[in-house]
Amino acid sequence: MTALPEEQPRPISEDDRDTAVRRLQEAYAEGHVSHEDLDERLHQVLTVTTHRELVSALASLPEERAETTSTIGAASGRIKRRGAWRVPRRLKVESAFGRVRLDLSRAVIEHATVDIELQLGTGRARITVPRDAIVDVEGLHTGWKDVRYKPRSGSLSTGPTIRISGAMGYGRLKIRHAKR
C-alpha cells in the first residue's frame, strides 16, 4: 500500500494578505479585538506564508459581512449626489448618456476604503473627494480622454482611500479635492 502524497500548503497572495489586514482593522474598529491583539495579529498576518497560517491568524474573528454593491444608474440625463449622503463601501455608477456628478466632500464616509466603479458610455463625470482623501484610479480604463486629477501635495493624507475603477467611453473624468 502506498501512502497518499501530502497536500502542499497553499501560498497566500498579496490580495489574501490585504483582505486579512482589512478584516483585522474592521474587527478592531468594531471593538472585537483589543489594541494589543490587533498588533499581534497584524504581525502574524504580515509574516505568514501559507493559507493555513493566515486562517489561524483570523480565528475567532466575527464572520465577514457580505458586502453589497449599491448601484446608481440612468440611461440618459444626470446622476448627481451631493451634500450629506451616506457613501456605501462599494458604489457602482452606470450611465449610457449623461453627466455624473459625485460630491463626497460633505458625505458620510464610514469605511477606510470606498470602491467606486464607473460604467459610463458618453458624457463626463466629476468627482469631488474629501480634502484628506487618497485617490487611486489605476483600475479605470478610459476610451477617449484621460483622467484629469492632480493629487494633493503636502502632508500625509489621513482620510479615506477612494478607489475608482471601471470603464469610460467618450467622456472625461475630473477628480478634485474639496477646498474645505
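In what follows, the structure referred to is the one given above.
> Explanation requested: the nonpolar core in the structure shown.
Most often, soluble globular proteins have nonpolar side chains that are buried together. Grouped together as the largest cluster of nonpolar side chains are 25 residues, with contacts concentrated most on V93, L102, L104, I116, L118, I164 and L173. When contributions to this core are tallied by element, the ones reaching two or more residues are β4 (90–97), β5 (99–103), β7 (113–122), β8 (125–129), β9 (134–142), β11 (161–170) and β12 (173–177). Examining the composition of this core, we find that 4 residues originate from one element, β7, more than from any other. When sequence neighbours within four positions are dropped, the list of residues in contact with I116 reads L91, V93, L102, L104, I162, R163, I164 and S165. Counting 13 residues, the second-largest nonpolar core is a separate cluster that includes I12, A20, L24 and L61.

> Hey, could you run me through the pattern of salt bridges in this one?
Any two side chains of opposite charge can pair, given that their charged atoms come close. A complete count under the given rule lists 7 salt bridges for this structure. Here R86 makes a salt bridge to E110, at a shortest N to O gap of 2.1 Å. A residue pair is termed long-range when its members are at least 10 positions apart, and R86 in strand β3 (residues 86–87) and E110 in the loop between β6 (108–109) and β7 qualify at 24 residues. An identical accessibility class is assigned to R86 and E110; each is exposed. Note that D115 and R89 form a salt bridge whose closest N and O atoms lie 2.6 Å from each other. Remark: R89 occurs in the loop between β3 and β4 and D115 occurs in strand β7; sequence separation between them is 26 residues. Here the two residues D115 and R89 agree in accessibility, since each one is buried. Bridged by salt links that share partners, the residues R89, R90, D115 and R163 form one connected network.

> Is there a simple way to think about the sheet that holds β8 in this case?
Within a sheet, each strand pairs with its neighbour through backbone hydrogen bonds, oriented either parallel or antiparallel. Pairing is parallel across the open sheet formed by 5 strands, whose spatial order is β2-β5-β8-β12-β10. At either margin of the open sheet sits one strand with a lone partner, and together these are β2 (78–81) and β10 (148–149). Summarising the sheet, β10 and β12 pair through 2 bridges and their orientation is parallel. Across the sheet, residue Y149 finds its bridge partner in β12, namely I175.

How each quantity is defined
- Residues numbered from 1 in each chain as written.
- Predicted model: local features only at pLDDT ≥ 70, side-chain atom pairs only at ≥ 80, totals over all residues.
- Heavy atoms only, no water.
- Core = buried A, V, L, I, M, F, W, Y, C linked by side-chain atoms within 4.5 Å.
- Buried < 20%, exposed > 50% of the residue type's maximum accessible area, 1.4 Å probe, protein only.
- Helix = DSSP H or I, 4+ residues; strand = E, 2+ residues; numbered from the N terminus.
- Contact = heavy atoms within 4.5 Å.
- Salt bridge = Lys/Arg side-chain N within 4 Å of Asp/Glu carboxyl O.
- Pairing = 2+ DSSP bridges.

These figures come from the coordinates and say nothing about function on their own.
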